[in-house]
Amino acid sequence: MRFFYFAGKEEVFMPNEIDTSKPKNETRQMFGRRVIKTSVTEITENNVLEVLQKALSVHELNRSEIEYLWNYYKGNQPVLKRTKEVRPEICNRIVENRANEIVSFKVGYLCGEPIQYVGRNTSEEVTKQITLLNELMFAEDKASQDQELVEWQMVCGTAYRLVLPDTEGEEDEAPFELYTLDPRDTFVVYSKEIGNKPLMGVKYGKDDNEVLRFSIYTKDRYFLVEGGLLKENKPHALGMVPIFEYPANNARLGSFEIVLPLLDTINNIESNRMDGVEQIIQAFIKFINCDIDKDEFTEFVKLGAIKVKSVEGANADVDTVTTELDQNQTQTTKDDCYNAVLTICGMPNRNGGASTSDTGAAVLLRDGWSLAEARAKDSEHIFKRSEKKMLKLVLRICRDLTEDITLRLKDIDMKFTRRNYEAIQSKSQVLDTMLKNPKIHPLLAFEHCGMFTDPESAYMQSMKHYEEEQAKLAAQTPPTPTPPNPDKQEEQ
């Protein structure tokens, strides 16, 4: 059920009711999630309920589509509602869950390794603080939360993260808390003015009494709406809306949403193929010029043989009514659909072709890995845009609650570390060459060689190790004797 509130009255409606006028297994048409906007310039206690009511009408459409895509990703797909008018007893419902394959690949390829923060300059103090920031993110288990966030992105086109300071009495290693929110019950309302700044973030859910509670954050206030009434209104010192949206792209399309018709077609082809196999095995018996009653047919089925007599001198025959499905043409159609899915979604194929001129780069181009890398880089930039907004709040909390981090957003860049251990020999050679060049700072060599998931930490550990080895070498080397001064000898 979905709920709206009007003047303190609870009204119930269900937008996800099944439309019986359409076939149950029809592909649902969707074109990305809608951006929720408002014309008000500031959210106050006087207009928060009105803005919430209007925003919910748009969010309910998004929620319905997100629920559909999430269930599709889990395997609850339209083919499971498939029906047949002819021989309805043979009706296979096979789900070939390519949507799960697409999402799993995208998530693993984009953030299989933790996203690391690196410095944008070579200052030792900045490097030290960024290393500390990465350690704080590790303490908050940000890597697994990023993976969950990207999973929501790839499934439904958008995802949300909440950042709050530690509550009093629950302080831990990091002064902030990170939460990945369910986009089915979270949304952000943006301004219609230039820049489309976020005006409020909303997270809602039911309490133990089945009453919906809306937690609403603006840049300086927190509202609690319960039962259609404003129950709580208090200020906060964060200075921005702490709920951040991470859209997968500007249209907020899921990774497999654009190929839903093809995925449903693949399911139907496989289901129909199995129907064809079963209909051959369970073919009808055809009696020509012979009269067989029910009891005689039952005996025939039981014994496997029957004696028939010609009727009025005509030739009698018993046969099966079969139509064999052309498996080659069926497989060609299915392969064409699957290849189209891979191409549209930017995934590597499984051609496995071979050539006498195959090199590493040629294989990457031929099998679609370069296309997958291009799509991943496109996702990176969208992700970084939201990550910077989130990081701005994290840095502010750190500056307010601890003196160890004084970083600014301009000091930090983000690095996605995909395929980190491929071509490791070439990367080590690049590192060695750059370290031998006196014009290149060693930190730049660590960052751009591609060997390390956390180049800042690797650089700090390497420098510490180098200094320790130099100190040991200096301690083991005997002091060089001072040569005698001939002038002093002559004076003596």
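Use the structure listed above.
For clarity, every value in this text was computed on a predicted model and none was experimentally measured.

K.L.:
Before we go on, may I ask you to explain the sheet that holds strand β12 (residues 243-245) in this structure?
P.N.:
A sheet is described by the order of its strands in space; here 3 strands give the open sequence β6-β5-β12, paired in antiparallel fashion. Of all the strands in the sheet, just β6 (176-181) and β12 have a single pairing partner and so form its edges. With strand direction ignored, the average angle separating the axes of adjacent strands in the sheet is 25°. Looking at chain direction, strand β5 (residues 160-165) and β12 are connected through 3 bridges and run antiparallel. Following the sheet pairing, L162 is matched in β12 by I243.

K.L.:
Help me understand helix α3 (residues 124-139) in this model?
P.N.:
Side chains of residues three or four places apart in an α-helix project in the same direction, reflecting 3.6 residues per turn. Here α3 is 16 residues long and its end C-alpha atoms lie 23 Å apart, about the 22 Å a rise of 1.5 Å per residue gives. When α3 is considered as a whole, its buried residues turn out to be V126, T127, Q129, I130, T131, L133, N134, L136 and M137. Taken from the residues just after α3, D141 is the one with a positive phi, measuring 55°.

K.L.:
Hey, could you run me through empty space enclosed by the protein in this one?
P.N.:
Which parts of space are left empty comes out when a probe the size of a water molecule is rolled across the atoms. Counted by the stated rule, this structure contains 3 cavities of 30 Å³ or more. Its boundaries defined by the atoms lining it, the largest cavity holds a volume of some 120 Å³. Counted by class, the lining of the largest cavity contains 8 nonpolar, 4 polar and 4 charged residues. In terms of lining, the second largest cavity is formed by L110, Q153, M154, P247, A248, S379, I382 and F383. If you list the elements that add at least two residues to the lining of the second largest cavity, you get α4 (142-156) and α9 (369-401).

K.L.:
Would you take a moment to explain the pattern of salt bridges for this structure?
P.N.:
As enumerated under the stated definition, the model contains 23 salt bridges in all. Among the ionic pairs, R98 bridges to E96, the shortest N-O distance being 2.9 Å. Residue R98 is classed as partly exposed on the basis of its relative accessible area of 21%. Among the salt bridges present, the one from K334 reaches E270, with a minimum N-O distance of 2.8 Å. Highlighted residues: K334 in helix α7 (residues 327-345) and E270 in helix α5 (residues 260-281), separated in sequence by 64 residues. By the burial criterion, K334 is buried, and E270 matches it.

What counts and what doesn't
The residue numbering used here restarts from 1 in each chain and proceeds along that chain's sequence as written. Local features in a predicted model are, by the rule used here, given only for residues with pLDDT of at least 70; side-chain atom pairs are given and counted only at 80 or more, and totals for whole chains, interfaces and linings are based on all residues. Side-chain numbers come from the whole structure's heavy atoms, not from hydrogens or water. What makes two strands pair is DSSP finding at least two bridges between them. What counts as a helix is a DSSP run of H or I of at least four residues, what counts as a strand is a run of E of at least two, and both are numbered from the N terminus. Lines fitted to the C-alpha atoms define the axes, with helices restricted to the stretch that makes contact. Angles between their N-to-C directions range from 0 to 180 degrees. Residue count minus one, scaled by 1.5 Å, sets the expected span of a helix. Exposure classes here rest on a 1.4 Å probe applied to the protein chains alone. A residue is buried below 20% of its type maximum, exposed above 50%, and partly exposed in between. For cavity detection a 1 Å grid was placed over the protein atoms alone, and a set of points counts as a cavity when a 1.4 Å probe fits there but cannot get out; an open set counts as a pocket when protein lies on both sides within 12 Å along at least five of seven lines, with lining residues being those that have an atom within 4 Å of a point. Grid points are joined across faces, edges and corners, and a volume is the space filled by probe spheres set on the points. Amino acid classes used here: Ala, Val, Leu, Ile, Met, Phe, Trp, Tyr, Cys and Pro are nonpolar; Asp, Glu, Lys and Arg are charged; the rest, including Gly, are polar. Criterion for a salt bridge: a side-chain nitrogen of Lys or Arg within 4 Å of a carboxyl oxygen of Asp or Glu.

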